[in-house]
Amino acid sequence: RFHHTSTSHWCSCSKTISDEKYQDPFQLGGKDLKNLYEDIKKELLVSAAELKEMCDYYFDGKGKAFRPMIVVLMARACNIHHNNSKEVQASQRSVAIIAEMIHTASLVHDDVIDDANSRRGKRTLNQIWGERKAVLAGDFILSAASVALARIGNTTIISVLTQVIEDLVRGEFLQLGSKENENERFAHYLEKTFKKTASLIANSCKAVSILGCPDPKVHEIAYQYGKNVGIAFQLIDDVLDFTSCANHLGKPTAADLKLGLATGPVLFACRQFPEMNAMIMRRFSKPGDVERARKYVLQSDGVQQTTYLAQRYCHAATREIRKLRPSPEREALVHLTEMVLMRDK
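The sections below set out a description of the structure shown in this document. Since this is a predicted model, take the numbers as computed values, not measurements. (Residues numbered from 1 in each chain as written. Predicted model: local features only at pLDDT ≥ 70, side-chain atom pairs only at ≥ 80, totals over all residues. Heavy atoms only, no water.)

**Describing the overall build of the chain**
Test applied: Secondary structure is summarised from DSSP: a helix means a run of H or I of at least four residues, a strand means a run of E of at least two, and numbering begins at the N terminus for each. Taken over C-alpha atoms, the radius of gyration is set against a globule rule of 2.2 Å times the number of residues to the power 0.38. Residue exposure (1.4 Å probe, protein chains only): buried if accessible area is under 20% of the type maximum, exposed if over 50%, otherwise partly exposed. Any pair of residues with heavy atoms lying within 4.5 Å of one another is described as a contacting pair. In these tables, accessible area is a Shrake-Rupley quantity obtained with a 1.4 Å probe, and a residue counts as shielded only by the protein chains included in the view. We treat Lys and Arg as the positive residues and Asp and Glu as the negative residues; His and chain ends play no part in the count. In this description, the location of a charge corresponds to atom NZ of lysine, CZ of arginine, CG of aspartate or CD of glutamate.
Broken down by element type, the chain carries 17 helices and two strands. Relative to the compact-globule value of 20 Å for 345 residues, the chain shows a C-alpha radius of gyration of 20 Å, a close match. Seen through its principal axes, the chain has C-alpha atoms that stretch 55 × 55 × 35 Å. Residues classed as buried in the chain amount to 56% of the 345 residues present. Long-range pairs, those at least 24 residues apart, make up 75% of the contacts in the chain between residues at least 6 apart in sequence. Working note: accessible area of the chain is about 15400 Å², and carbon and sulfur atoms make up 52% of it. Distance between charge centres in the chain, computed from 47 positive and 41 negative side chains, equals 2 Å.

What follows is the structure, given as structure tokens:
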């Protein structure tokens, strides 16, 4: 059901706001994210010098802060929709901080599981300090996020955001397994993608909407926007693993294949090259499997089909967010869906 033969709507997303006033999400969200990393470091106050150094390593202010930015833009859009309030509440900004902390803790743990040696263009924690200490640092960041979450003092918000942590663990377990049946395999991949990437964005958006507006319809809009953008973000990430160079991406390319993972481009390519089925089932473990699979993907329309699928999720996100009252933040969230599709790293 994801297969499209028509190319007429290729990159059609870039036209969605041509008639609207352009809003740069990073500029608009930036004012609420001032001192974001300093505030995160305050949450990570710790006396042990080595643990502090490890915790500060990724909170160096050089990240794009993509997730916190979506969260504060959603907070503003929902506040304006509800009572035309143009301010972000302190509790809503806390959700943005907590989202970035949970995300970073998950990266630290992922790098340990994957035995990765580079992240964001620099060596991983596990490479510098070793696996055991990296696991503990990830745990510590997660515990500090939980303390910050409890401080918000709203049981509904605690419930919504702890769901993210459960989903991250379940998503990692899903990634460790694979399915024999082709249709089941795609469903498995999309479920894993939701749990590992989109759940954090969806539930963080939902949390700030609950804090800013009592209407359950708005909570659902915020959740669906975050879910669709999150899945599209990961689909494009999976495309870039085949199309971007390692220096540009900040991590090695074909990394997913080397980990034995069959992502969207591989699953689509498998429909044209059924001989890839055996490779998927053995998780590209035989000598030459990774190179052969990469060649098949690039010969197929797997990259294009995965991009089409990402476009469909972005269109769905745009449809949802347009249900809110017009605001610069709403338009910035629309524009963000285009940025997700156009990004090259």
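Moving on from the coordinates now.
**A closer look at the packing of aromatic side chains**
Threshold: Whether two aromatic rings pair depends on their centres lying within 6.5 Å, for rings of Phe, Tyr and Trp, where Trp uses its six-membered ring; planes under 30 degrees apart make the pair stacked, over 60 edge-to-face, and the rest tilted. In this analysis the charged atom, NZ for Lys or CZ for Arg, is taken to sit over a ring once it is within 6 Å of the ring centre and within 35 degrees of the ring normal.
Using the criterion set out here, one finds seven aromatic pairs in the structure. Taken together, the ring pairs connect Tyr57, Tyr58 and Trp129 into an aromatic cluster. Positioned over the ring face of Phe233 is Arg67, at 5.3 Å from the centre of the ring. The ring of Tyr57 carries Lys122 above its face, with NZ or CZ at 4.1 Å from the centroid.

**A short note on empty space enclosed by the protein**
The condition is simple: The distinction between a cavity and a pocket rests on a 1 Å grid over the protein atoms alone: a 1.4 Å probe fits inside a cavity but cannot get out, while a pocket stays open yet meets protein on both sides within 12 Å along at least five of seven lines, and a residue with an atom within 4 Å of a point counts as lining. Grid points are joined across faces, edges and corners, and a volume is the space filled by probe spheres set on the points. Under the scheme applied, nonpolar residues are Ala, Val, Leu, Ile, Met, Phe, Trp, Tyr, Cys and Pro; charged residues are Asp, Glu, Lys and Arg; polar residues are all the others, including Gly.
Summed over all chains, the structure comprises two cavities of 30 Å³ or more. Lining of the largest cavity is provided by 16 residues; of these, Gly177, Ser178, His188, Leu261 and Ala262 occupy positions nearest its centre. Here the lining of the largest cavity gets four residues from one element, more than from any other, and that element is helix 9 (residues 182-212). Here the residues of the lining of the largest cavity sort into six nonpolar, six polar and four charged.

**So, helix 4 (residues 66-83)**
Here is the rule: Given the number of residues in a helix, its expected span is that number minus one, multiplied by 1.5 Å.
The terminal C-alpha atoms of helix 4 lie 26 Å apart, and with 18 residues this matches the ideal 26 Å at 1.5 Å per residue to within 8%. Backbone geometry just after helix 4 places Asn84 at a positive phi near 60°.

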